[in-house]
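Results of the structural survey
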Amino acid sequence: MNTDITASAKPEYPVVDRNPPFTKTVANFNTLDYLRFITITGVSVTVGYLSGIKPNIRGPSMVTGGLIGLMGGFMYAYQNSAGRLMGFFPNDEEGYILNHGEFFPLHFFNLEEGFFCFACVRTDTLTNAIQKQEMN
């Protein structure tokens, strides 16, 4: 039995790990993944509560909806994270090329002690900024 998981499509972005393990995939969750995870869970809890109003089973319905949303949100975040590691989705930490121009890899900037953010700069924007600075 062949257990090798290979895709029929070729990755469009740089491959970080062809077959990422569970721990690496979860560690690669970004802010947007967590936001989607929490949003899907929250919406599911709300839908579960509202669907249990008529038969008067709000509590069990809300818990069931929350569990379904929790699992669905996690699977969605996991899918996106694994796709970035396998090169099927753009990975923010590496930088990539978009249709509007070439982007530099992302860099870390120290905003305050202990806080960092990512910055991505298009080459034409960077060139214009350098030219304006040279004129001053």
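Residues numbered from 1 in each chain as written. Predicted model: local features only at pLDDT ≥ 70, side-chain atom pairs only at ≥ 80, totals over all residues. Heavy atoms only, no water.

As a further point, take the side chain of S44. Position of S44 relative to the elements: it lies in helix α2 (residues 31-51). Apart from the residues within four sequence positions on either side, S44 is in contact with G65, G66 and G69. (Helix = DSSP H or I, 4+ residues; strand = E, 2+ residues; numbered from the N terminus. Contact = heavy atoms within 4.5 Å.)

All right, on to the environment of T41 then. Here T41 is to be found in helix α2. In this structure T41 comes out as buried when scored by relative accessible area, which is 17%. Sequence separation between T41 and G73 is 32 residues, and the spatial gap between their C-alpha atoms is 6.2 Å. At 2.9 Å, the side chain of T41 forms a polar contact with the backbone oxygen of F37. (Buried < 20%, exposed > 50% of the residue type's maximum accessible area, 1.4 Å probe, protein only. Polar contact = N/O pair within 3.5 Å; in protein donor to acceptor, adjacent residues only side chain to side chain.)

What follows concerns a nonpolar patch on the surface. Judged by side-chain polarity, V63, L67, I68, L70, M71 and M75 come together as a nonpolar surface patch covering roughly 590 Å² of accessible area. Looking at the secondary structure, you find M71 in helix α3 (residues 58-86). (Patch = residues over 30% accessible without salt bridge, like charges linked within 9 Å, V, L, I, M, F, W, Y side chains within 5 Å. Areas by Shrake-Rupley, 256 points an atom, 1.4 Å probe, with all protein chains shown as cover. Salt bridge = Lys/Arg side-chain N within 4 Å of Asp/Glu carboxyl O.)

The end-to-end C-alpha separation of α3 is 41 Å, in line with the 42 Å expected for 29 residues at 1.5 Å each. For α3, every residue scored as buried is listed here: S61, G65, G66, G69, G73, A77, N80, S81, A82, G83, R84 and L85. The inward-facing, buried residues of α3 abut α1 (22-27) and α2. G87 sits one or two positions beyond α3 and adopts a positive phi of about 90°. (Expected span 1.5 Å × (residues − 1).)

For the rest of this paragraph, the subject is the packing of aromatic side chains. Inspection of the entire model under this criterion finds 6 aromatic pairs. An angle of 45° between the planes, with centres 6.2 Å apart, marks the rings of F22 and F74 as tilted. One end of the pair, F22, is in helix α1; the other, F74, is in helix α3, with 52 residues separating them in the sequence. The class for F74 is partly exposed, based on a relative accessible area of 26%. Relative to Y78, the ring of F74 has its centre 6.0 Å away and its plane inclined at 35°; by these criteria the two rings are tilted. Of this pair, F74 and Y78 both sit in helix α3, separated by 4 residues, roughly a single helical turn. (Phe/Tyr/Trp six-rings, centres within 6.5 Å; stacked < 30°, edge-to-face > 60°.)

Along the polypeptide, V47 turns up in helix α2. When the C-alpha atoms of V47 and G69 are compared, they prove to be 9.8 Å apart, with 22 residues separating the residues in sequence.

Any link to function would need more than the numbers given here.
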